[in-house]
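What follows is each chain in one-letter form.
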Amino acid sequence: MMGMNGSRMMDMERRGEEGEDRSREDGNDESESVGVREKEEMEGRFVLAMGMGYREFVDALKRNAPRILLVGDTGTGKSSLVNLVFGSRLALVGHGGRPCTQHFAEFGPTDESPVRIIDSKGVEKLTVDQQMEELRTMIAEVRMSTNLLDHIHLVWYFVGSRWQESDQKYVVTLLESCGVVLVINKRDLRSNEEVANLRQAITEDFPGLAVAECGDPRESGAWIPQDGCPQGHDEEFIVVNVKRRTWHCRFTETVSSIDGREEVACGASGNDQPFGAKELVELSLDRLPAECRKSFLCAQRVDLTRMHIQAAGIITAATATATVVGAAPLPFSDMPPLVAIEAGMIATLMRTYNVPFQLTDVLAINTGALGLGAGIAYAVAQALKASGFFVAAGMAIDMTVAGTAVMTMGISVAIVCARCRENGLIPEDLSAEIHSQTSRLEVGDLVNAVRTRGAASVDGQIAEIIRMSSTSDANPSEVARDNLRDIQRRALNSAGAIERIHSTSGNEIGWALPNQ
Ligand SMILES: Nc1nc2c(ncn2[C@@H]2O[C@H](COP(=O)(O)OP(=O)(O)O)[C@@H](O)[C@H]2O)c(=O)[nH]1
Ligand SMILES: [Mg+2]
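In this text the structure is predicted, and so the values were computed from the model without any measurement. (Residues numbered from 1 in each chain as written. Chains lettered and ligands numbered in written order. Predicted model: local features only at pLDDT ≥ 70, side-chain atom pairs only at ≥ 80, totals over all residues. Heavy atoms only, no water.)

1. Digging into the overall build of the chain
Moving on, step 1. When helices and strands are counted, the chain shows 17 helices and 14 strands.
Moving on, step 2. By sequence separation, contacts in the chain at least 24 residues apart represent 69% of the contacts at least 6 residues apart.
Moving on, step 3. Looking at the chain as shown, the accessible area adds up to about 25,000 Å², and 51% of this sits on carbon and sulfur atoms. (Helix = DSSP H or I, 4+ residues; strand = E, 2+ residues; numbered from the N terminus. Contact = heavy atoms within 4.5 Å. Areas by Shrake-Rupley, 256 points an atom, 1.4 Å probe, with all protein chains shown as cover.)

Pasting the structure below:
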């Protein structure tokens, strides 16, 4: 088998691109127009293959979507919180959704948000007892289904300004059939004292019931921090930049210094980021049945660390598959599968980070300089044709090249998607951003670790590389290199191919490969 190294691949691609340009200039040259047709065919197959892998992934998530019931008075911020956690595509508005009963409607699942949200509508006109009856009937009805996925899996119960007897009754009823998380929402509008009192009353009724405190100050009109600045200067706030609603404490104090009297400003400031949603996600996750957790994780948009772990699993799986495909010594037959694997991985990763994308984005990313995708497949075909011979026997894509290219691409996509999610912005040219990231990565060694069968244990390390590289300017390659010894040790260890060396006192002092 004749391997192909990275620089040669790039070389070929460069030649391929030139070929492409030439074919645009004089498109009536017969051999070149064949090339164009081939390219179209290649893209057609690519779109098809990618569409399948990605579709399966999304459909499975939707099939296993958890069903979450919202309970709480109108205006407690239910819709706002759902939008914050799952994105606004669920369009939780009064009249939408599929009616469950007269007073409940269901939203989702969608491709973007594989969750089912049941929201109440118009229950405020009913008495507490009638509302309770409605709730009981609805829960009993869905529990008739033999399919556990149709049951209500979780309730987000929105607490009002006081904890009342009716709250206690509601929660008792709900706990009979599903997990409950109490949500003290609009936290930014409540005083610490109010929250402390609520928590105490709740704990008396239900010791150990999960409570999440959330708030989204961006939602309110005029926002002033409730509990003062950290220095306790309650009266001295100004809210600057009303659009973004940042605040600044302008408290000043006159103090004596050696040279005389001086003005000292507090200067504490903050901004109005939403908060508490991550905690709500964690508490909810703990209470969901295992079958629905993956969908829930893919639907939520607030906990990045969870997304990294998910992404690492996807990258590892794609890398392992590409490595196997790359190992088959069939000339070029491995191109379409590799293209599909990589494209499917890119789409799935973007989905995991909830970065909106079009098929054309995936195409653009996949045809970039270092990606082993449609671009390279086409370029290699062009290069071979230009040099006068067709597919030569033994020209298989080397397995390490395949694995490395896919993993490199995966980590780059994940890092860039994580950054997009973190700052809420998507670069104008997503593809260029990902390719610039790709050029900073050399993870061949990492791929070797994955190849040693201990793939699962590598997930955590990949997640860590993504995490560190997406929140700082750290070079992902350096992060990878620093972790490499440990990654390999863990991979080998879990594959059972490693002997631990212990000191006489029993401490692990090293490791070794058997028979070497
Ligand atoms: N200050 C503040 N306002 C919020 C918060 N959550 C929601 N709101 C506002 O409260 C109002 C009612 O919210 P909505 O989500 O429609 O409540 P729902 O009736 O329970 O679905 C809207 O004007 C929101 O902008 C929050 O955490 N803080
Ligand atoms: Mg609402």
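Still to come is the rest of the account.
2. Points about the side chain of His151
Moving on, step 1. Structurally, His151 can be placed in the loop between helix H4 (128–143) and strand S5 (154–158).
Moving on, step 2. At 2.9 Å, the side chain of His151 forms a polar contact with the backbone oxygen of Ser145.
Moving on, step 3. When neighbours within four sequence positions are excluded, His151 is seen to be in contact with Arg67, Val142, Arg143 and Ser145. (Polar contact = N/O pair within 3.5 Å; in protein donor to acceptor, adjacent residues only side chain to side chain.)

3. Things to note about the pattern of salt bridges
Moving on, step 1. Per the counting criterion, the structure on display carries 10 salt bridges.
Moving on, step 2. Residue Asp111 pairs with Lys62 through a salt bridge whose shortest N-O separation is 2.9 Å. Placement of the pair is Asp111 in the loop between strand S3 (104–107) and strand S4 (116–120) and Lys62 in helix H2 (residues 30–63), with a sequence separation of 49 residues.
Moving on, step 3. Residue Asp111 is classed as partly exposed on the basis of its relative accessible area, which comes to 23%. (Salt bridge = Lys/Arg side-chain N within 4 Å of Asp/Glu carboxyl O. Buried < 20%, exposed > 50% of the residue type's maximum accessible area, 1.4 Å probe, protein only.)

4. Things to note about the pairing of S4
Moving on, step 1. With five of five residues buried, S4 is to be regarded as a mostly interior element.
Moving on, step 2. Judged by which residues are buried, S4 turns out to be covered on both faces: Arg116, Ile118 and Ser120 on one side and Ile117 and Asp119 on the other are all buried.
Moving on, step 3. Pairing between strand S1 (residues 67–71) and S4: three bridges, direction parallel. Bridge pairing links Leu69 to Ile118 in S4.
Moving on, step 4. Here four bridges tie S3 to S4, and the two strands are oriented antiparallel to one another. Bridged to Phe107 within S4 is Ile117. (Pairing = 2+ DSSP bridges.)

5. Topic: the side chain of Glu213
Moving on, step 1. Relative to the assigned elements, Glu213 resides in strand S7 (residues 210–213).
Moving on, step 2. Only 2.9 Å separates the side chain of Glu213 from the side chain of Arg187, close enough to count as a polar contact.
Moving on, step 3. A polar side-chain atom of Glu213 sits 2.7 Å from a polar atom in the side chain of Arg199.
Moving on, step 4. In this structure, Glu213 is in contact with Ile184, Arg187, Val195, Arg199, Phe275, Gly276 and Glu279, ignoring residues within four places of it in sequence.

6. A short note on the packing of aromatic side chains
Moving on, step 1. Under the defined criterion, the tally for this structure stands at five aromatic pairs.
Moving on, step 2. Taking the centre distance of 5.7 Å and the plane angle of 80° together, the rings of Phe86 and Phe296 count as edge-to-face. Taken together, the residues Phe86 in helix H3 (residues 78–86) and Phe296 in helix H8 (residues 290–299) connect sequence positions 210 residues apart.
Moving on, step 3. Accessibility expressed as a relative area gives 0% for Phe296, which makes it buried.
Moving on, step 4. Ring geometry for Tyr157 versus Trp163: centroids 6.4 Å apart, planes at 70°, classification edge-to-face.
Moving on, step 5. Judged by its relative accessible area of 13%, Trp163 falls in the buried class. (Phe/Tyr/Trp six-rings, centres within 6.5 Å; stacked < 30°, edge-to-face > 60°.)

7. Digging into the pairing of S1
Moving on, step 1. Judged by how many residues are buried, S1 sits mostly within the fold: five of five residues are covered.
Moving on, step 2. In S1, alternate side chains face the same way, and those of Arg67, Leu69 and Val71 on one face and Ile68 and Leu70 on the other are all buried.
Moving on, step 3. Bridge count for S1 against S5 is four bridges, and the pairing is parallel. Along S5, the bridge assignment pairs Leu70 with Trp156.

8. Some remarks on the sheet that holds strand S9 (residues 246–249)
Strand pairing in a sheet relies on backbone hydrogen bonds, with the paired strands running either antiparallel or parallel.
Moving on, step 1. If you walk across this open sheet you meet the three strands as S8-S9-S12, and the pairing is antiparallel. The sheet terminates laterally at strand S8 (237–240) and strand S12 (269–270), the two strands that pair on one side only.
Moving on, step 2. Pairing of S8 with S9 involves four bridges; the strand directions are antiparallel. Counted as the bridge partner of Val239 is Trp247 from S9.

9. Details of the environment of Pro356
Moving on, step 1. Within the secondary structure, Pro356 is located in the loop between helix H10 (335–352) and helix H11 (359–366).
Moving on, step 2. Sequence-wise, Pro356 and Glu112 are 244 residues apart; in three dimensions their C-alpha atoms are separated by 8.4 Å.

10. Overview of the nonpolar core
Moving on, step 1. If you look at the biggest cluster of nonpolar residues, it comprises 42 residues, and the most contacted ones within it are Ile315, Met345, Met350, Tyr353, Ile411, Val413 and Ile466.
Moving on, step 2. Breaking this core down by element, the ones donating at least two residues are H2, helix H9 (304–327), H10, H11, helix H13 (399–423), helix H14 (430–438) and helix H16 (455–471).
Moving on, step 3. The dominant element in this core, judged by the number of residues it contributes, is H13, at 11 residues.
Moving on, step 4. Discounting chain neighbours no more than four positions away, the residues touching Tyr353 are Leu304, Met307, His308, Ala311, Ala414, Cys417, Ala418, Arg421 and Ile466. (Core = buried A, V, L, I, M, F, W, Y, C linked by side-chain atoms within 4.5 Å.)

11. Some points on the environment of Gln102
Moving on, step 1. Mapped onto the elements of the fold, Gln102 is located in the loop between strand S2 (98–101) and S3.
Moving on, step 2. Looking at Gln102, the relative accessible area reads 63%, which means it is exposed.
Moving on, step 3. Separated by 19 residues in the primary sequence, Gln102 and Lys121 place their C-alpha atoms 8.1 Å from one another.

12. Describing the sheet that holds S5
Moving on, step 1. Judged by pairing direction, the sheet is mixed, and its seven strands sit side by side in the order S2-S3-S4-S1-S5-S6-S7 without closing on themselves. The open sheet has two edge strands, S2 and S7, and neither has a second partner. Pairs of neighbouring strands in the sheet enclose a mean axial angle of 30°, with direction left out of account.
Moving on, step 2. Packed onto the sheet, helix H7 (residues 277–287) meets S5, strand S6 (179–184) and S7 and runs at close to 160° relative to S7. (Axes fitted to C-alpha atoms, helices over the stretch in contact; angles between N-to-C directions.)

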